[in-house]
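# A look at the structure
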Amino acid sequence: MRLYQIYCVVLLGFLSFSLENIVIASESKENELSVKGVVYDTEQNPVSYANVYVKGTVKGALTDAKGKFQLFDLEKGVYEVQISAVGYKTKSQVVEVDANGVLDLGLVVLEIGVEMPEFSIIANKDRIFSQVPGAVNYLNKEDIKSLMPVSGNEVFRRVSGLNVVDEEGLGMRVNIGIRGLNPDRSRNVLMLEDGVPVALAPYGEPEMYYSPAIDRMAGVEILKGSGQILYGPQTIGGVVNYITPNAPETEQGSVQIQGGQGSFFSGLVNYGNTFGNTGLQVNLLRKSADNVGPTQFGITDFNTKFLFKLNEKSELGAKFGIYDERSNSTYIGLNQVMFDQGGQYFTRLAPDDRLDVSRYSLSFSHVYRFNPDFKLRTIAYGYTTTRNWNRQDFSINNSNTPPSNWTGVVWGDTSIPGGAIFMRDGTGQRNRQFEVAGIEPRIELNHGLFGQKNELKAGVRFLVESAKEQRVNGTKAGVKSGNLIEDELRNGRAFSAYFQNETELGEKVSLHGGLRFENFNYERNIFRRNFSGIGVRDTSIVASNAVNEIIPGVGFTVKPTNTITLFGGIHKGFAPPRTKDAITSTGDALDLEAERSWNYEAGVRSELNNWIYVEATAFLMDFSNQIIPVSESAGGLGFGVVNAGATRHQGLETSFIFDLSRAFGLKKWAIDYDIQATFIDAYFSEDRFIGDVNINGNTTPYAPEWLLNSSLAIESESGFSARLTYNFVGDQFGDEVNSIEPSANGRTGLIPSFFTLDAVVGYEIKKANLGFNLSVKNLTDERYISTRRPQGIRVGLPRFITAGVNFNF
């Protein structure tokens, strides 16, 4: 029996036993209700998902869809209850709990605060998702902090349906596959930060060579349902939106320092305040390491946000960011021989390889309220990303014949055909610069069409992007210059228009329907290239093409009770072809179609009682054409993609959260247990031949059948906390033909299942606003294949220990 099967059996047995005893315990001892109330805003609307926290304790609650909350098991005494919610001013109230009964605070009114006028994928006032017609996840700052993550990968693994693939172990290039889609460079996921795209070029080259640092985030939200049509251009896998902190109402700041093995260092300084009608939030992050696995890196990340309250009807936000990265990231990985021999898992095969990434970004956001029912939101943004990658050449061949410019360095085993890697005395410098600018006005209108309560969101987007790419071949390893081999410029112009309307049919049913239109015109200008049989020549090749698409989507939510929400939706999935792939280097516009699919999902989310939360979603993505990358980053030959034809992705996502402290009526401890489990069946659904092999019915690459993530978290009033997190990834195939036996170069073959355990302990001295933590990643020091891409085996992060301190002021 496999490890994950044993785990599931033990888990189910544990849950069955525990639930039976918890039910008995809860029946024999009811939770003691201490404080209750209801939270409304100044416009007499209930405030959902407001955070109600009893300062100095581990007690807290979230308001429900009607703004109601309950606090249990408070001992006799005087407490300060703090109520906060996004978009509102925080309110504190001193209460006295005695033995005479339940303290009813009645109606608590929150004043609407000055809110950063950004786009979020989930309505700020509905974070309990009662109106969201699809699978959705939101992880807040505390969720992130509790993991003490080295990278964002650890955070995203907490979300069901996401396969997150480590490349260098530190998440500098996030690779997310949703529901069995290819995770390479997160191409099939729309990646946003505060509603603004962050990919190199959102239409023509949507790769995540730059990934926002999770350290500075206030939260992340992930949407996988029909609501995607409000965003785009990609509407296939899902939307990931990083949320950065906004200016606080009063002066706040923090310093966080983390250190660990391999000279790992992470330092983050935050400061925020509001001066009259102007708010400020600024942070500076510095991360570096000399030897974490095979990786050496240094990152400097500076961001600042301003919020200006212009008048009672409008606010203006401004955000500026600078990112600089220097690392030894490389494409070359171990071959199968080296991995099987062991002892070389984190060898630097090309020690002179260097990747430099720099990014400058500026965005503005504005909201104007014509009246309480009509708003105009606008975002405008621009950013430039420079990605220069210097990589040493190498050679692999079945005869193990050294190349003419061999440096004398060889890895692997020359006695095994194809089992040796010969390092060449030459360098390929792949220099790219991207520029993106866009503007998107959107109206939000509450109206009463057909006598029902409706909310309409409609907008347009104009976006331009360009990519300048050069290939410079150096004649020595590690050199910074050489001969210009390739030189080109790619331009794109995009126009989008969309609307989505939500209609509430009473208090229990809401219907969502919308439409999106995408137009993308792209052009490739080639100035210099290597012509077969001729050599490198200057040239002038210009070719262009265009793609247009209409993307519909519908969804629903039904609330048969206040604690159960049923939801579902259907929408069209779409992603435009990459410009470089759709037009060849000879100027031919290929018949490379856009990715298209029909996506279906249905599910239920419920807080069964005050200590059990359950969510389950069944999904089906039916592709008429899925694009499979064969670029170097995907382990291919370094150019192009292919029309993979029809594929089908179906499965089930589940999430269970148990508040065990409430179940047992614990007064001074908070104990939570959760599990996210995903089953995925992703396969090619029509005849397609690779050589003589018909891959119809084969599993798509990098689509594990099972994904499990589970966590047990403990927190006490004394300030002690601990968390143990388990992550399991099932077997994966590295290629379309589903090769079992690995190739000698390590790039194809089965990727066996693996699991990791992470542990975090912490202690907070609350009176001093001081906290300490100790984190151990991969507690059992497992050795496993994380990926066979880009060009060989990457071994997962070894056991990694860090310790840190944080101070709030």
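Structural data are supplied above this passage.
Residues numbered from 1 in each chain as written. Predicted model: local features only at pLDDT ≥ 70, side-chain atom pairs only at ≥ 80, totals over all residues. Heavy atoms only, no water.

## A closer look at a nonpolar patch on the surface
Definition in use: Each patch is built from residues that are more than 30% exposed by relative accessible area and take part in no salt bridge. Like charges join if they lie within 9 Å; nonpolar side chains (Val, Leu, Ile, Met, Phe, Trp, Tyr) join within 5 Å. We get accessible surface area from the Shrake-Rupley algorithm with a probe of 1.4 Å; when it comes to residues, only the shown protein chains can shield them. We define a salt bridge as a side-chain nitrogen of Lys or Arg found within 4 Å of a carboxyl oxygen belonging to Asp or Glu. Helix numbering and strand numbering both begin at the N terminus, where a helix is a DSSP run of H or I of at least 4 residues and a strand a DSSP run of E of at least 2.
Together, Trp669, Phe720, Val761, Tyr763, Ile765, Phe772, Leu774 and Ile801 make up a nonpolar patch on the protein surface, roughly 660 Å² of accessible area in all. Residue contributions to the nonpolar patch peak at three residues, all from strand β41 (residues 754-765). Of note, Val761 is situated in strand β41.

## Examining the environment of Asn745
Formally: Residues adjacent in sequence count toward polar contacts only when both atoms are side-chain atoms; beyond that, a polar contact is any pair of N or O atoms within 3.5 Å, and within protein one must be able to donate a hydrogen and the other to accept it.
Tracing the sequence through the fold places Asn745 in the loop between β39 (732-733) and β40 (750-751). Put simply, Asn745 and Tyr383 are 362 residues apart on the chain and 38 Å apart in space, counted from C-alpha to C-alpha. Within polar-contact distance, the side chain of Asn745 engages the side chain of Ser743 at 2.6 Å. Within the structure, the side chain of Asn745 is placed 2.9 Å from the backbone nitrogen of Arg747, a separation counted as a polar contact.

## Examining the pairing of strand β26 (residues 509-531)
Formally: Criterion used throughout: strands pair if DSSP finds at least two bridges between them.
In this sheet, β26 lies alongside strand β25 (residues 483-505) in antiparallel orientation, the contact comprising 19 bridges. The partner of Asn501 across the bridge, within β26, is Gly513. If you look at the hairpin formed by β25 and β26, you'll find three residues sitting between the two strands, and Gly506 has a positive phi there, around 80°. For β26 and strand β27 (residues 535-561), the ladder comprises 22 bridges, and the chain directions are antiparallel. Looking at β27, one finds that Asn530 is bridged to Val536. Taken together, β26 and the strand that follows it, β27, pair antiparallel across an intervening segment of three residues, in which Gly533 is found at a positive phi of about 80°.

## Here's the deal with unusual backbone geometry
The omega torsion of the bond from Gly232 to Pro233 falls at 15°, within 30 degrees of zero and hence cis. In the segment running from Arg789 into Pro790, the intervening peptide bond is cis, with an omega of 0°. Structurally, the position occupied by Pro790 is in the loop between β43 (785-787) and β44 (794-795). Unusually for a residue other than glycine, Met148 sits at a positive phi of about 45°. Relative to the assigned elements, Met148 resides in the loop between α2 (141-147) and α3 (152-156). Of note in the backbone geometry, Asp194 takes a positive phi value of approximately 55° without being a glycine. With respect to the secondary-structure elements, Asp194 resides in the loop between β11 (189-193) and β12 (196-197).

All quantities given are derived from atomic positions and should not be read as evidence of function.
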